[in-house]
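What the coordinates show
Chain residues, written in single-letter form:
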Amino acid sequence: MFSEWLVEVPSDLDKNWLMTICPVGKRCLVVASDGITSVYNKVGKLITKHPSRLPGGCRESKTDYTILDCVYNDPLRTYFILDCLCWKSHPIVDSETEFRFYWLKCKLDESKEISAFVYDNPYSFRDVPRFSGLDLLNIRNQFEKEFEYEIDGVLFYHKEAHYEAGCTPLVGWLKPYMIPEILGIPMPDWVLRQAPSDYVNVRNSIEKFESEQKMRFEDKIGADLKTDNLDNSLKNVDIGMDFNESPRQEI
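Residues numbered from 1 in each chain as written. Predicted model: local features only at pLDDT ≥ 70, side-chain atom pairs only at ≥ 80, totals over all residues. Heavy atoms only, no water.

**Focus: the sheet that holds strand E11 (residues 151–158)**
What counts, and what does not: Pairs of strands are assigned from DSSP output, requiring at least two bridges between the strands. Numbering of helices and strands runs from the N terminus, with a helix taken as a DSSP run of H or I at least four residues long and a strand as a DSSP run of E at least two residues long. Two residues form a contact once any of their heavy atoms are found within 4.5 Å. Axes, fitted as lines to C-alpha atoms, cover a helix only where it is in contact. Angles between the N-to-C directions of the axes lie from 0 to 180 degrees.
If you walk across this open sheet you meet the 5 strands as E1-E12-E11-E2-E10, and the pairing is mixed. Every other strand in the sheet has two partners, leaving strand E1 (2–5) and strand E10 (130–131) as the edge strands with one partner each. The pairing of strand E2 (residues 17–23) with E10 spans 2 bridges and is antiparallel. Residue pairing for E10: Thr20 is matched across the bridge by Arg130. Lying on the sheet, helix H2 (residues 97–110) is in contact with E2, E10 and E11; it crosses E2 at an angle near 50°.

**A closer look at the environment of Glu160**
Quick note on the threshold: Using a 1.4 Å probe on the protein chains alone, a residue whose accessible area is under 20% of its type maximum counts as buried, one over 50% counts as exposed, and one in between counts as partly exposed.
Looking at where Glu160 falls in the secondary structure, it is placed in the loop between E11 and strand E12 (167–174). Owing to a relative accessible area of 49%, Glu160 belongs among the partly exposed residues under this scheme. For the pair formed by Glu160 and Glu98, sequence separation is 62 residues and the distance between their alpha carbons is 6.8 Å. Apart from the residues lying within four places of it in its own chain, the contact partners of Glu160 are Glu96 and Thr97.

This is the structure:
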């Protein structure tokens, strides 16, 4: 489930929305099943596999499965959990956000071992800070605290949203330095200093981001087409030599 830019303030922000402060990192889907933990990027490509103490993530719990929406922070070797789709073979994607977050907190409180660095849990799994009662003072106060990680942005979840594929207006996203313009809340100086040197305003920043995303997509399509053409050309080439396959060395 991906967010949309929060360009309009919901009239019920203080009552029906929750806020999550996200660390810098790579968005990923973590799937623990059959005794191994697989990590996929935003487009569904497998990134890595490793053991974990998540239910289903190691041999001792291979009959269970768990699916988590995470941000992986490499400096801390930690998966910060944004959302829970399934825990110990109990799917909760059809549950509302408020319940999913409550369920996740309960399960994490019961599973302290998944945050430890041990041989069968080489990466830590931890929750992210979440807040309700989003009045102006409460939002600002969250940024008066110290964080152990670099902050990437803020997610705003509607309490009644179900987990769904793709983007949804029921999850909003802002960079912290955009908050004064959109929410009208003065922010600490350290937050404002995060803004890029060429930052003008939110709308300009969104247009620039979308333009860069479009260029990346077009470059990827072009690279894929070149690869396909090369593969098709090689299929028509008769090398005229026989090769005996030598034993492969696993790395």
